[in-house]
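# An overview of the molecular structure
Spelled out from the first residue to the last, the chains are:
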Amino acid sequence: MSTRPHFTVLHELLDAPVTDPAAPAVTCAGLTLDRAELVRASHRCAAELRARGLRRGDRLIVTSDSGPLLVPLLFGASRLGVVFSVLHEQVRGDVLRHVLADCEPALAIAASPATRDAVREAGVAVAAPEDLDVVAERGPAAGATDQAGTGHVDASGVEDEAGAGPADGSAVDGGPLPVDPVCLIYTSGTTAMPKAVVSTHQQMMFALHAIAERLAYRADDVVYCPLPLSFDYGLYQVFLSALAGSHVWLGSATESGPALLANLLRSRATVLPAVPPVSAALLRLLRRRGRERPPLRLLTNTGAALPADIPSGLREVLPGLRVQLMFGLTECKRLTIAEPDEDLVRPGSCGLPLTGTEVFVVNEAGERLPAGEVGEITVRGPNVMAGYWRRPELTASRFPRREGLFPELRTGDYGWTDEAGRLYFAGRRDVIYKQDGFRVSAIEVEAAARRLPDVSTAAVLTPDGSRPEAVLVVTGTADPGTVLPRLREHLEDYKVPRVCHAVDALPVNANGKTAKAVLAGQLAEAARD
Amino acid sequence: MDQPFVDTLRPHLRYLAPEQELRPEDRLRDLGLNSMQAIDLVFDLEDNCGVTLPDDQLTDANFETAGALWSAVENARSDSLTDAR
């Protein structure tokens, strides 16, 4: 469909010629960079990272609250072949120490002083975003631009140095090859601590082009991104926008609350990549009082199933809106994307696999099942990422190789396909669940609770048909009312359960594991008494 | 901050202990109010406190602290009284 050239390394997205270099490219924390400014800022970031000693293959951690510098830094890292990892701003305590030890970054950039202290204590070089004086002042206060030229790295000089290498990205000076890693994305899994999914440039670029083919962002789109870039869904909005020449507007966490509608109006957003709670919130805000409407033309959904009343309500209030449902996980970025408004004709469908990939379901022996039968959702294609960083066993089990050679991704998700190959999601059979559309691991939450000195054991009852939200159950001397606030030292907010109960002991089964069904029954009984 | 206001807030603040007092300077986000719950809170406030928060009052700043939100509710209340006259 697309006649655009396919890029093989990330920063080529920025270096492609555009019709309007003065068009806004990215807005973050009140500062807008046009395309030309973003390109220059990415070169200055590359120069800054280089000056700090970073080289191809080194790792860079950037926290998601790093502001206007964040996006240029990612492209700057790519220019050098430095592997970036955007870390959620609420990662702290033991989890932060784990990530630092696991990732071994050459540099961490963090906005929060407390996070910087923790990084320093771990013996890792650290800087605040403002220490990297690389983004030219511009934006609402256009009068302040006079000083912008001075005191900054000379953009043209840097461009000569960093941009004069071979245009294919295989810079003499250590630029990345398409098979080199581009980023680590930390995500929850069946382990007590997050682990990183590694993507190479060519895996990321394949996924990006395949998604772009379906979603067709346009140069005149404003993409309002309500999610932090620590999630791949947020991160790829930046790259999809760079590819299409759209303007990506990064909203902070608070900006997606009651101010969401006002921010959509202010940004003149035409595309909203949403998870179900964001869509539900938008619908409630729009229905509150009928007045101004944002010019939204496309809403995408992933993370969890979108209850049908939300898209139908949104279409009523926003007649120009089309909805595209998708299915994905970080390990292959995206599996399927439905056609616009396909939910109206095929409820529950997550759409067809990305072009050039295959999605099928297998039984426990790894054998393919026919259409209509439920099995583990499995993926083949260039979008299957490299594996988990420094987790060879876990990688071997999730990314098994047929004949010892050809990788597949066993997603751990269960579902079925129809005769045409469209995917339908049924559920999971392990410890992973979704809270507000974000992936959470019961094992990770339980491990965090056990780290509290007055908690002896902990169990998470994952959401199911009878239980809309995860419930944490602890034993020990802890007052359950104090457990949740203290969990924030060990978990990002979006992983902290809403409810905590204390019991004398957790029931165990014959294998010595927590008998969660029995525990759920006991809690239900106690609630009735 | 009157009782109906505090009672409306409390269920949305999962990090506020049951016996812990809510103070005007308390940051709502630190007490567990995420952006989605903040939207639920708008509707609960309108139901329980008998006010209508104008769209231009749904700002990040007004949801920063308990005191800031209380002021927004108070302002909305006096505005609606003025309108009624």
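Residues numbered from 1 in each chain as written. Chains lettered and ligands numbered in written order. Predicted model: local features only at pLDDT ≥ 70, side-chain atom pairs only at ≥ 80, totals over all residues. Heavy atoms only, no water.

### With respect to the overall build of chain A
Rules: Helical segments are the DSSP runs of H or I of at least four residues, strand segments are the runs of E of at least two, and each set is numbered from the N terminus. We compute the radius of gyration over the C-alpha atoms and compare it with the globule rule, which gives 2.2 Å times the number of residues raised to the power 0.38. We call a residue buried when its accessible area falls under 20% of the maximum for its residue type, exposed when it is over 50%, and partly exposed in between, using a 1.4 Å probe and counting protein chains only. Only heavy atoms matter for contacts: two residues are in contact if any of them lie within 4.5 Å across the pair. In this description, accessible areas are obtained by the Shrake-Rupley approach with a 1.4 Å probe, and a residue is regarded as covered only by the protein chains that are shown. Here the positive residues are Lys and Arg and the negative ones are Asp and Glu; neither His nor the chain ends is included. Lys charges are placed at NZ, Arg charges at CZ, Asp charges at CG and Glu charges at CD.
Scanning chain A for helices and strands turns up 16 helices and 27 strands. On C-alpha atoms alone, chain A measures out to a radius of gyration of 23 Å, which is about the 24 Å that the 2.2 N^0.38 rule sets for 529 residues. With respect to the principal axes defined by its C-alpha atoms, chain A has extents near 70 × 60 × 55 Å. Within chain A, buried positions represent 58% of all 529 residues. Within chain A, contacts between residues at least 6 apart in sequence are counted, and of these 66% link residues at least 24 apart. Roughly 21,200 Å² of accessible area belongs to chain A as shown, and the carbon and sulfur atoms make up 53% of that amount. Positive and negative side-chain charges in chain A, numbering 55 and 64 respectively, have mean positions lying 3 Å apart.

### Focus on the overall build of chain B
Counting secondary structure elements, chain B contains three helices and zero strands. Each helix (α) and strand (β) of chain B, taken in turn from the N terminus, gives the series α-α-α. Scaling as 2.2 N^0.38, a compact globule of 85 residues should have a C-alpha radius of gyration of about 12 Å, and chain B matches this with 12 Å. Considered along the principal axes of its C-alpha atoms, chain B spans approximately 40 × 25 × 20 Å. Counting only residues that meet the buried cut, chain B has 48% of its 85 residues in that class. A separation of at least 24 residues holds for 51% of the contacts in chain B among residues at least 6 apart in sequence.

### A few points about the interface of chain A and chain B
By convention, interface size is frequently given as the accessible area that disappears when the constituent parts associate. In plain terms, the rule: Accessible area that two parts lose when put together, with a 1.4 Å probe and added across both, is what the buried area reports. A side-chain nitrogen of Lys or Arg and a carboxyl oxygen of Asp or Glu constitute a salt bridge if their distance falls within 4 Å. Polar contact is the term for a pair of N or O atoms within 3.5 Å; when the atoms are in protein, one must be able to donate a hydrogen and the other to accept it, and sequence-neighboring residues count only if both atoms are side-chain atoms. Lys, Arg, Asp and Glu make up the charged group, whereas Ala, Val, Leu, Ile, Met, Phe, Trp, Tyr, Cys and Pro make up the nonpolar group; the residues left over, Gly among them, are polar.
Contacts between the two partners involve 25 residues from chain A, matched on the other side by 24 residues from chain B. At the boundary of chain A with chain B, total buried surface from both sides reaches about 2,200 Å², with 54% on carbon and sulfur atoms. Counting the surface chain A buries against chain B, the share from its top three residues, Pro258, Arg284 and Arg288 of chain A, is 30%. For Asp40 of chain B, the salt bridge is made with Arg284 of chain A, and the minimal N-O distance between the two is 2.4 Å. Scanning the region where chain A abuts chain B turns up eight residue pairs in polar contact (both at pLDDT 80 or more). When residues of the side of chain A that touches chain B are traced back to their parent elements, those giving at least two are α10 (276–288) and α15 (480–487) of chain A. It is α10 of chain A that provides the largest number of residues to the side of chain A that touches chain B, a total of six residues. Taken together, the residues of the side of chain A that touches chain B sort by class into eleven nonpolar, five polar and nine charged.

### Some words on the layout of surface pockets
To be explicit about the condition: Here the term cavity refers to a set of points on a 1 Å grid, laid over the protein atoms alone, in which a 1.4 Å probe fits but cannot get out; the term pocket refers to an open set having protein on both sides within 12 Å along at least five of seven lines, with lining residues being those that place an atom within 4 Å of a point. Grid points are joined across faces, edges and corners, and a volume is the space filled by probe spheres set on the points. Domain ranges listed in this record stem from an automatic or a database domain assignment.
Volume-wise, the second largest pocket comes out at about 1,300 Å³. Lining of the second largest pocket is provided by 49 residues; of these, Glu89, Ser252, Ala253 and Thr254 of chain A together with Arg29 of chain B occupy positions nearest its centre. Those elements that provide at least two residues to the lining of the second largest pocket are α10 of chain A together with α2 (35–48) of chain B. In terms of residue class, the lining of the second largest pocket is built from 21 nonpolar, 14 polar and 14 charged. Two domains each put at least three residues into the lining of the second largest pocket: domain 1 (12–252) and domain 2 (440–528) of chain A.

### Observations concerning the nonpolar core
Within soluble globular proteins, side chains that are nonpolar generally end up buried alongside one another. Applied cut-off: What we call a nonpolar core is a set of buried Ala, Val, Leu, Ile, Met, Phe, Trp, Tyr and Cys residues that are connected through their side-chain atoms within 4.5 Å.
Judged by nonpolar contacts, the single largest core of 142 residues is most densely connected at Leu13, Leu60, Phe84, Leu235 and Phe239 of chain A together with Leu9 of chain B. At nine residues, the largest contribution of residues to this core is made by helix α8 (residues 232–244) of chain A.

### Some thoughts on unusual backbone geometry
Residues and elements named next belong to chain A. With phi around 50°, Ala29 is a residue other than glycine that occupies positive phi space. Phi is positive for Arg268, close to 55°, though the residue is something other than glycine. Secondary-structure assignment places Arg268 in the loop between α9 (260–267) and β11 (271–274). By relative accessible area, Arg268 is classed as partly exposed at 47%.

### Digging into the environment of Leu80 of chain A
Residues and elements named next belong to chain A. Within the element layout of this structure, Leu80 appears in helix α3 (residues 70–80). For Leu80, a relative accessible area of 12% translates into the label buried. As for Leu80 and Asp58, which are separated by 22 residues in sequence, their C-alpha atoms are 9.3 Å apart.

### Digging into the pairing of strand β22 (residues 423–428) of chain A
All names here are of chain A. The condition that has to hold: For two strands to be treated as a pair, DSSP must find at least two bridges joining them.
One ladder, built from five bridges, connects strand β21 (residues 409–417) with β22; its direction is antiparallel. Within the sheet, the bridge partner assigned to Trp416 lies in β22 and is Tyr424. Adjacent in sequence and paired antiparallel, β21 and β22 are bridged by five residues, among which Gly421 carries a positive phi angle near 100°.

### As for the sheet that holds strand β17 (residues 375–380) of chain A
Residue and element names in this part refer to chain A. As a reminder, the rule being used: To get an axis, a line is fitted to the C-alpha atoms, and for a helix only the part in contact is used. The angle between two axes follows their N-to-C directions and goes from 0 to 180 degrees.
Overall, antiparallel pairing links the four strands, which are arranged β16-β17-β21-β22 in an open sheet. The open sheet has two edge strands, β16 (358–362) and β22, and neither has a second partner. Adjacent strand axes in the sheet meet at a mean angle of 50° when their direction is disregarded. Here β17 runs beside β21; their pairing, made up of four bridges, is antiparallel. Paired with Val379 across the bridge in β21 is Leu409.

### Let's talk about the domain arrangement of chain A
All names here are of chain A. Per the domain assignment, the segments of chain A are domain 1 (12–252) and domain 2 (440–528). Listed per partner, the contact involves 15 residues of domain 1 and 14 residues of domain 2. Contact between domain 1 and domain 2 buries roughly 1,200 Å² in total, counting both sides, with carbon and sulfur atoms accounting for 49%. Applying the counting criterion to the domain 1 and domain 2 interface returns one salt bridge. Notably, a salt bridge pairs Arg451 with Asp94, separated by 3.5 Å at the nearest N-O pair. For the pair domain 1 and domain 2, the number of links is five residue pairs in polar contact (both at pLDDT 80 or more). Per-class residue counts for the side of domain 1 that touches domain 2 are six nonpolar, seven polar and two charged.

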